[in-house]
Amino acid sequence: MLDHPLPDTEAWVLLFSNNALPVLRVTRRRLDEMRADLERVDTRELAHVILQDPIMTVRVLAYIQPLHGRSLHHDITTVASALVMSGVQPFFRRFNELPTIEDMLKGCHPHALLGVLQIIRRAQRAADYAQDWAVRRQDLSMEDIRIAALLHDLAEILVWCFAPKLGLDIQAQQTADPTLRSADAQRHTLGLEFQDIQTALCKVWHLPDLLQTLIDDRHADQPRVRNVALAVRLARHSAQGWDNAALPDDYRDIGQLLNLTPEAVRQQLGLEPLPGRPAVTPD
């Protein structure tokens, strides 16, 4: 467990690349249950299990990239395609005895595990939002969108796993000053931003260019990237409840993406109408 920031992005990349990345305990349990009866493993169910866990998802995608070599003229960007390419039995041989986040953080500050599980839950919600909106937008590659939202904050999750003290420090700064931008808190503690680490990891792990683009908010002029970015924003701003001052701007921007009014966006999310506003009937 690190208790101090590493000197630069390359040092963080080496740390994450040279150590086995932990997955959720529930992911390991579900995979062990499937491994016990390989003949009955359904690849769609297996993909669903993987797609609930950001770290397991990126481990699968990083694993498959070198395997397809030059036999394909396109990148493997989805977990379902990765499983087809690898085969079920080789997959289970490769991902055996997986370390877990819960075991890794055992004995650390009690809020460390809670902190990383909250971030993973936030990523899962972002993935759900992103996929729902991709369906509404009739996006033909919805799993790309889902994975990008799930992995958008991967570097933050990894820092919490390997250096929980630093994650807690960033969290404490923002709790003490709710107006403090997350990026500023990251630079104050780490000397860099999570996005710097994430961009470097994507390149080292040879993740598909498409996913790298979808994860990068700097390409938010593209509707698919904006779909991902807004889903991540909504999940972050609503993590502690639906009274965050930034949410009205989110409803407006989501409405522009989906061609809905802000009030219709709220209704799509299952929220009560604002006082004095009539309920909006979904189109």
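About the thresholds
- Residues numbered from 1 in each chain as written.
- Predicted model: local features only at pLDDT ≥ 70, side-chain atom pairs only at ≥ 80, totals over all residues.
- Heavy atoms only, no water.
- Helix = DSSP H or I, 4+ residues; strand = E, 2+ residues; numbered from the N terminus.
- Salt bridge = Lys/Arg side-chain N within 4 Å of Asp/Glu carboxyl O.
- Buried < 20%, exposed > 50% of the residue type's maximum accessible area, 1.4 Å probe, protein only.

**Thoughts on unusual backbone geometry**
Unusually for a residue other than glycine, Gln138 sits at a positive phi of about 60°. Note on placement: Gln138 falls in the loop between helix H8 (110–136) and helix H9 (142–151). Within the chain, Asn259 stands out as a residue other than glycine whose phi angle is a positive 60°. Of note, Asn259 is situated in the loop between helix H16 (247–258) and helix H17 (262–268).

**Some words on the pattern of salt bridges**
For the coordinates displayed, the defined rule picks out 26 salt bridges. Between Asp32 and Arg28 there is a salt bridge, with its nearest N and O atoms 3.6 Å apart. Of this pair, Asp32 and Arg28 both sit in helix H2 (residues 25–35), four residues apart, which is roughly one turn of the helix. A residue is classified by how much of its surface remains accessible, and Asp32, at 34% relative accessible area, is partly exposed. When its relative accessible area of 25% is taken as the criterion, Arg28 is described as partly exposed. One salt bridge in this structure joins Arg218 and Asp216, with 2.6 Å as the shortest N-O distance.

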